[in-house]
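# Coordinates in review
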Amino acid sequence: MMHTTVGWHIELEFMEDDQHTRAAALVRLPDGSEVRAQGRASRHRVDANQPRVGEEIAGARALNELAMQLLTKAHEEIDSASGRTSHPIHV
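Presented here is an overview of the structure given in this document. (Residues numbered from 1 in each chain as written. Predicted model: local features only at pLDDT ≥ 70, side-chain atom pairs only at ≥ 80, totals over all residues. Heavy atoms only, no water.)

### Description of the nonpolar core
Side chains that are nonpolar tend, in soluble globular proteins, to be buried together. Ranked by size, the top nonpolar core spans eleven residues in total: Ala-23, Ala-25, Val-27, Leu-29, Val-35, Ala-37, Ala-41, Ala-58, Ala-62, Leu-66 and Leu-70. Of all the elements in the fold, those that place two or more residues in this core are strand 2 (20-28), strand 3 (34-42) and helix 1 (51-82). It is helix 1 that contributes the most residues to this core, four residues altogether. Setting aside chain neighbours within four positions, we find Ala-41 in contact with Gln-19, His-20, Thr-21, Gly-54, Ile-57, Ala-58 and Arg-61. (Core = buried A, V, L, I, M, F, W, Y, C linked by side-chain atoms within 4.5 Å. Buried < 20%, exposed > 50% of the residue type's maximum accessible area, 1.4 Å probe, protein only. Helix = DSSP H or I, 4+ residues; strand = E, 2+ residues; numbered from the N terminus. Contact = heavy atoms within 4.5 Å.)

### Topic: the sheet that holds strand 1 (residues 10-16)
One open sheet holds the three strands; their spatial order is 1-2-3, and the pairing between them is antiparallel. Only two strands of the sheet have a single neighbouring strand rather than two, namely strand 1 and strand 3. Within this sheet the neighbouring strands show an average axis-to-axis angle of 15 degrees, counted without direction. Judged from the nine bridges that link them, strand 2 and strand 3 form a sheet pairing that is antiparallel. Among the inter-strand pairings, Arg-28 is bridged to a residue of strand 3, identified as Glu-34. Most of the contacts of helix 1 go to strand 3, to which it runs at about 145 degrees, and overall it touches strand 1, strand 2 and strand 3. (Pairing = 2+ DSSP bridges. Axes fitted to C-alpha atoms, helices over the stretch in contact; angles between N-to-C directions.)

### Re the pattern of salt bridges
For the structure shown, the criterion picks out six salt bridges. With a closest N to O distance of 2.7 Å, Arg-28 and Glu-11 form a salt bridge. Within this pair, whereas Arg-28 is found in strand 2, its partner Glu-11 is found in strand 1, the two being separated by 17 residues in sequence. Judged by relative accessible area, Glu-11 falls into the partly exposed class, the value being 43%. In this structure, the salt-bridge partner of Glu-34 is Arg-36, at a minimum N-O distance of 2.9 Å. Classification of Glu-34 by relative accessible area gives partly exposed; the value is 37%. (Salt bridge = Lys/Arg side-chain N within 4 Å of Asp/Glu carboxyl O.)

Listed below in structure tokens is the structure:
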């Protein structure tokens with residue numbers, strides 16, 4: 001039987017105008033630290049105005065950056081605890 005001992009809540013906030021969408025992502029970790037990232041999307045002038053699509057692209061880019069920062073943080077913690085350089089974690 002698996003027990004969940006920790007949970008993460010990720011917040012995404014969007015700011016938009018007619019041609020640009022910006023996403024801000026935030027995760028608060030159980031150790032009290034926070035990791036923040038941003039993503040952007042731009043609508044080409046000939047494309048239809050579809051705010052949801054801009055949110056999906058900007059949000060995905062912000063989450064991807066958040067993931068990369070978390071991988072870097074994990075590497076730093078592994079290296080600090082082990083006293084050696086860890087092998088890259090590929091996504």
